[in-house]
Amino acid sequence: MSRVLIFVLLLATCSIAFASDPSPLQDFCVADLNSQVLVNGVVCKDANLVKADDFLFRGLHQMGNTSNDVGSNVTAVTVAELPGLNTLGISMARIDFAPMGINPPHTHPRATEILTVIEGSILVGFVTSNPENRLITKVLEKGDVFVFPQGLIHFQKNIGHGYAIAIAGLSSQNPGVITIANAVFGSNPDIAGDILAKAFQVDINVVYQIQSKF
């Protein structure tokens, strides 16, 4: 085997190994959220200054405000809210739904999501990548668990008559979220109307009308 081929194989292996959050190299690396140092992630706080509160988040028992256009609220617990998550490769969220409320189509570019229904009946689904664009969907009841693969567009809708609650676990300290409608129609600056009109096969005035809502 040539040296070049060996190098390529090693490079491919390294790419796979670092495709998600890096593994911790010490007991913990509490995020120093005040540091001005820019790294891929968050720099560590001095271990001698670490306190129990760095590993604590309070308030997930409280219902989020669902009085908005989509009728849902996401209370995220990522490294930004819980510094002790830094380098651990996990985060979570509480999702509250008003009756008929939705968590609109979105994607997490850096995480797989596993969702558990705590209360209510929730319709969930995700769409596979091109060219199939297959919709995989299911109605979940209390205690059911569903997984959304990393990077795929997914959604949830409360189909019950009361409020619904779900808890989500995510495989990154900073999973990121891209809400499709906001990204496409609410970008800053706007994506040119003629591009979206051709992409969605609609009149350009329809595009302008939708953009005006974001």
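Keep in mind that what you see is a predicted model, and the values were worked out from it rather than measured.

So, how was this worked out
- Residues numbered from 1 in each chain as written.
- Predicted model: local features only at pLDDT ≥ 70, side-chain atom pairs only at ≥ 80, totals over all residues.
- Heavy atoms only, no water.
- Pairing = 2+ DSSP bridges.
- Helix = DSSP H or I, 4+ residues; strand = E, 2+ residues; numbered from the N terminus.
- Core = buried A, V, L, I, M, F, W, Y, C linked by side-chain atoms within 4.5 Å.
- Buried < 20%, exposed > 50% of the residue type's maximum accessible area, 1.4 Å probe, protein only.
- Contact = heavy atoms within 4.5 Å.
- Axes fitted to C-alpha atoms, helices over the stretch in contact; angles between N-to-C directions.
- Disulfide = S-S within 2.5 Å.
- 1 Å grid on protein atoms, 1.4 Å probe; cavity = no way out; pocket = protein on both sides within 12 Å on 5 of 7 lines; lining within 4 Å.
- Points joined across faces, edges and corners; volume = space filled by probe spheres on them.
- Nonpolar A, V, L, I, M, F, W, Y, C, P; charged D, E, K, R; others polar.
- Salt bridge = Lys/Arg side-chain N within 4 Å of Asp/Glu carboxyl O.

Chemist: Just checking my understanding: could you explain the sheet that holds strand 6 (residues 135-140) for this structure?
Modeler: What links the strands of a sheet is backbone hydrogen bonding, and the strands pair in either a parallel or an antiparallel sense. Taking strand neighbours across the sheet as the criterion, the 5 strands line up as 6-5-8-3-10 in an open arrangement whose pairing is antiparallel. Every interior strand has two partners, whereas the edge strands, strand 6 and strand 10 (178-179), have only one.

Chemist: In this structure, what is going on with the nonpolar core? I would like to understand it.
Modeler: Side chains of nonpolar character tend, in soluble globular proteins, to be buried together. By size, the foremost hydrophobic cluster in this structure holds 14 residues, and its most contacted members are Phe97, Leu115, Ile122, Val124, Leu140, Phe146 and Phe148. Mapped onto this core, the elements with two or more residues apiece are strand 2 (91-97), strand 4 (113-119), strand 5 (122-127), strand 7 (145-148) and strand 9 (164-170). Non-local contacts of Phe97, meaning those with residues more than four positions away in its chain, are made with Thr66, Gly71, Ser72, Ile102, Asn103, Ile122, Gln156, Asn158, Tyr163, Ala164 and Ala166. The next biggest cluster of nonpolar side chains, apart from the first, holds 5 residues, and it includes Val184, Phe185, Leu196 and Val207.

Chemist: Just to check I follow, could you spell out the sheet that holds strand 2 for this structure?
Modeler: Pairing within the open sheet is antiparallel, and its 5 strands lie in the order 1-2-9-4-7. This sheet does not close on itself; its edge strands, each paired only once, are strand 1 (72-77) and strand 7. With strand direction ignored, the average angle separating the axes of adjacent strands in the sheet is 20°. Across 7 bridges, strand 2 lies against strand 9 in antiparallel orientation.

Chemist: Which parts of the structure should I look at to understand the state of the cysteines?
Modeler: Disulfides are covalent bonds that link the sulfur atoms of two cysteine residues. Considering all chains together, one arrives at 1 disulfide under this definition. At a sulfur-sulfur separation of 1.8 Å, the disulfide partner of Cys29 is Cys44. Handedness here is read from the sign of the S-S torsion; for Cys29 and Cys44, about -105°, the answer is left-handed. Remark: Cys44 occurs in the loop between helix 1 (3-17) and strand 1 and Cys29 occurs in the loop between helix 1 and strand 1; sequence separation between them is 15 residues.

Chemist: What is the right way to look at the layout of surface pockets in this model?
Modeler: Of the pockets and cavities examined, the largest pocket occupies roughly 630 Å³. Lining the largest pocket are 26 residues, with Asn103, Pro104, His106, Val177 and Thr179 positioned closest to its centre. Those elements giving two or more residues to the lining of the largest pocket turn out to be strand 1, strand 2, strand 3 (102-107), strand 9 and helix 2 (180-185). A per-element tally of the lining of the largest pocket places strand 2 first, with 4 residues. Taken together, the residues that form the lining of the largest pocket break down as 13 nonpolar, 10 polar and 3 charged.

Chemist: Please clarify how the pattern of salt bridges should be interpreted in this entry.
Modeler: It is possible for side chains bearing opposite charge to pair when their charged atoms get close. Throughout the structure, instances matching the rule amount to 3 salt bridges. Where Lys45 meets Asp54, a salt bridge forms, and the shortest distance between an N and an O atom there is 3.0 Å. By relative accessible area, which is 22% here, Lys45 ends up partly exposed. Look at Asp54 and you get buried, because its relative accessible area is 9%. Linking Arg94 and Asp96 is a salt bridge whose minimum nitrogen-to-oxygen distance equals 2.8 Å.

Chemist: Looking at this model, I keep getting lost on unusual backbone geometry. Mind explaining?
Modeler: With the exception of glycine, the majority of residues adopt a negative phi angle, and the majority of peptide bonds are in the trans configuration. Across the junction of Asn130 and Pro131, the peptide omega takes the value 5°, indicating a cis bond. Relative to the elements of secondary structure, Pro131 occurs in the loop between strand 5 and strand 6. Here the amide bond leading from Asn188 into Pro189 is cis, since omega sits at 0°, within 30 degrees of zero. By secondary structure assignment, the location of Pro189 is in the loop between helix 2 and helix 3 (193-200).

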